[in-house]
Amino acid sequence: MGSVIDDRQNVVELSIGGMTCASCANRIERKLNKIDGVTATVNYATEKAKVTFPGGVDAQRLIAEVEKAGYSAALPAPPPSEGDGRDPADDELRPLRRRLVVAVALAVPVIAMAMVPPLQFTSWQWLSLTLAAPVVVYAGWPFHRAAWTNLRHGATTMDTLISVGTIAALGWSLWALFLGRAGTPGMTHPFAFTIERTDGSGNIYLEAAAGVTAFILAGRYFEARSKRRAGAATRALLDLGAKDVAVLRDGAEVRVPAEGLRVGERFVVRPGEKIATDGAVEEGSSAVDASMLTGESVPVEVRPGDAVTGGTVNAGGRLVVRATRVGADTRLAQMARLVEEAQTGKARVQRLADRVSGVFVPVVIALAVGTLGFWLGAGGGAGAAFTAAVAVLIIACPCALGLATPTALLVGTGRGARLGILIKGPEVLESTRRADTVVLDKTGTVTEGRMTLTAVHPAAGEDEDQVLRLAGALENASEHPIAQAIAGAARERLGEPPAPEDFANVAGLGVRGVVEGHAVLAGRPELLAEWSQHLTPDLEEAIREAHAAGRTAVAVGWDGRARAVLVVADTVKPTSEEAVARLRALGLTPILLTGDDRAVAEAVAAEVGITEVVARVLPSGKVDVVERLQAEGRVVAMVGDGVNDAAALARADLGLAMGTGTDAAIEASDLTLVRGDLRAAADAIRLSRRTLAVIKGNLFWAFAYNVAALPLAAAGLLNPMIAGAAMAFSSAFVVGNSLRLRRFR
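- Per an unreviewed UniProt entry, the recorded name for the protein is Cation-transporting P-type ATPase B, and the organism is Sphaerisporangium krabiense.
- Database annotation for the protein, UniProt heading Catalytic activity (unreviewed entry): "ATP + H2O = ADP + phosphate + H(+)".
- UniProt, in its Sequence similarities (unreviewed entry) section for the protein, records the words "Belongs to the cation transport ATPase (P-type) (TC 3.A.3) family. Type IB subfamily."

So this is what it looks like as structure tokens:
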């Protein structure tokens, strides 16, 4: 990814290797944060460190610091080329899969012999040793290596627990076999849920050592796979892009890889092809299917001058597009970056878990030593004492604690990305839970953001089509949004309008010209009055009604007489009323915010079911409105789409930007709604709250499990193998619970 310089602060994302639990992440983070001016966040789930550091610090020094802590670090490798066919995630999973297969294949007979007394033939214990030793030594090697590395640096992690527990079980078994009574031919060893207080010299715990190693490796493997599946959203977004493109160079089409395209170059998109990058149409017209980006099933009609987005599909005719943004600047790349940032961030709940797991290991080792001492002192026998101590070490490993937040975040943000909801950072989740007020910008958020003809009021005896034909032809020559709304409606209903002659713009009043031999006027009533074309009472009433509803009225006259009134308005999106109802159902109070007149704002508010309106607000005033609401003790969510909303989106407790809006708004927001549909705001808040609930459920389970299980283990009521199985189950439970978010609708 390299480093990006921002206000003389460099930002680099490092790929971290060798982490095995949340304590490792916590440790690397502390190490990096000790360097002056460095702020680092390390995420165990994505195996990445996001580091902000001053110009005086070199990225290589950061890597050296991580290596000193006993882990590997590197700048992320470029993505593999298409012909490569290798998935780096597969490379990471392969050695883990190999160790797991060995562990399961050898541990199953060891556990079976220990649990089923009829299988305990003469000298079965020596076969157990032959099978269990490779499991503990080879399959469990990653745990021992990590434990040793950490020990050299005076630290303890989850791996220390696993390594000490399994080596202790293997060591005890070796002692009992070679020096105790366990090696005697004909020895049997019944499997029991509780521990009998014997001296232990006749007992072996090879099934505990092999079983725990296999269980934990299985947990690690499925955890790594689920991390990969949950993190696939970023790759899926990037895969939406076109792989190659037909560029026009020296008048000829040249096929080049999409990454070879440069800003300003023209390229051809044929029907059925993906548009290679963001650009503007220069030739041709077509329908573009943007459903994979926006979720909208209806293709969008484009013609010369219209903007198109990379990754969308040309469903109609041949287009020639000029590239306006390429590579990392495209909307698709920005979306992928937002998803990745969301997945490498950390919520406060996770920081709590990291701190707890950092302290947890030494406490558990002390508890194991205390348990051993207590049972020996109480005369329970070395076997019972040792077994209880091993059970404490195994049961305590809080892998579930380290997984609780990252897996839920990965799955939640990944699911959001697929639904067109981009969650910028996990701290956003806390804000969605607390938000009680939602401020909705009117234009482009609640309304379409463009003028549309809503009504035609012809004077008595006038033909509506004739009015629209002449007015549309005249307005077609004007660039004004209101004029374009009338011209567009005429074109849609009656086809291409005739060209006007002697067209003139009358500043502040309207336009005039000759269409098919008629001298036509369109604009304010004052323009018609100047030409002695006075409105009839019916037309005056139509204008009053339009103004009362907050709409714009355009008077039309020709050949010496006022003929009609056309009503134009920024129409409310068809989904806005339902969206407002959904937001209310989530416990949010909606407020409509706009720079328009109060009459316009209140008309729109009444249509969608909003009672609180703040109108005639300047762009800078939007921030003031948000601050005023916050001063009243409200937690404010803001939904907007324009440059003028960016500051307010940044100031709000939770900023939601419409993906159809400007880059400035999207950058300033916490959540981006790819579809220009306000219902996505309610979906985004529901998904965020659901994700937070899953995180809290995961944390509760991990804490409750450790707290409940440790006293049982210390009391000698848990066999180490059952302890290992239960611990692996808690990790699997957390991952499974998080994966439920993939079913969010």
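Now, onward.
1. A few points about the environment of Pro-590
Move 1: As for its placement among the helices and strands, Pro-590 is situated in strand 23 (residues 589–593).
Move 2: Given a relative accessible area of 1%, Pro-590 falls into the buried group.
Move 3: Between the C-alpha atom of Pro-590 and that of Met-638, which follows or precedes it by 48 residues, the distance is 9.6 Å.
Move 4: Not counting residues within four places of it along the chain, the set of residues in contact with Pro-590 comprises Val-438, Leu-440, Val-580, Arg-584, Ile-610 and Glu-612.

2. Structural notes on helix 17 (residues 481–494)
For an α-helix the count is 3.6 residues per turn, leaving residues at separations of three or four pointing the same way.
Move 1: Taking 1.5 Å per residue, 14 residues should reach 20 Å; helix 17 reaches 20 Å between its end C-alpha atoms and fits that length.
Move 2: For helix 17, the full list of buried residues reads Ile-482, Ala-483, Ala-485, Ile-486, Ala-487, Gly-488 and Ala-490.
Move 3: Close packing links the buried residues of helix 17 with strand 17 (447–458), helix 16 (464–475), strand 21 (552–558) and strand 22 (561–572).
Move 4: Of the residues trailing helix 17, Gly-495 is marked for its positive phi of about 90 degrees.

3. Quick look at the pairing of strand 4 (residues 48–54)
Move 1: Pairing analysis gives seven bridges linking strand 2 (residues 9–17) to strand 4, with the strands arranged antiparallel. Note that in strand 4 the partner of Glu-13 across the bridge is Lys-50.
Move 2: One ladder, built from five bridges, connects strand 3 (residues 39–43) with strand 4; its direction is antiparallel. Residue pairing in the sheet places Val-42 in a bridge with Ala-49 of strand 4.

4. Concerning the pattern of salt bridges
Working definition: two side chains of opposite charge can pair if their charged atoms are close together.
Move 1: Under the counting rule described, the total for this entry stands at 31 salt bridges.
Move 2: Among the salt bridges present, the one from Arg-255 reaches Glu-273, with a minimum N-O distance of 3.4 Å. Taken together, the positions of Arg-255 in strand 7 (residues 252–257) and Glu-273 in the loop between strand 8 (266–269) and strand 9 (278–283) put the pair 18 residues apart, joining distant regions of the chain.
Move 3: A residue is classified by how much of its surface remains accessible, and Arg-255, at 46% relative accessible area, is partly exposed.
Move 4: Residue classification places Glu-273 among the partly exposed residues on the basis of a relative accessible area of 22%.
Move 5: Linking Asp-677 and Arg-679 is a salt bridge whose minimum nitrogen-to-oxygen distance equals 2.8 Å.

Scoring rules and cut-offs
- What you see as residue numbers is a count from 1 along each chain, following the sequence as written.
- Reporting of local features is limited, given that this is a predicted model, to residues whose pLDDT is at least 70; pairs of side-chain atoms are given and counted only at 80 or more, and all residues count toward the totals for whole chains, interfaces and linings.
- Only hydrogens and water are set aside when side-chain values are computed; all heavy atoms of the structure are taken into account.
- UniProt positions are given in the numbering used here, feature names are shortened, and annotations may be inferred rather than shown by experiment.
- The secondary structure listing takes helices from DSSP runs of H or I that are at least 4 residues long and strands from runs of E that are at least 2 residues long, numbered from the N terminus.
- Exposure categories follow from relative accessible area, calculated using a 1.4 Å probe and restricted to protein chains: below 20% of the type maximum is buried, above 50% is exposed, and the middle band is partly exposed.
- When checking whether two residues touch, look at their non-hydrogen atoms; a contact exists if any pair is within 4.5 Å.
- Expected span of a helix: the number of residues minus one, times 1.5 Å.
- If DSSP finds at least two bridges between two strands, the strands pair.
- For salt bridges, the criterion is a side-chain nitrogen of Lys or Arg within 4 Å of an Asp or Glu carboxyl oxygen.

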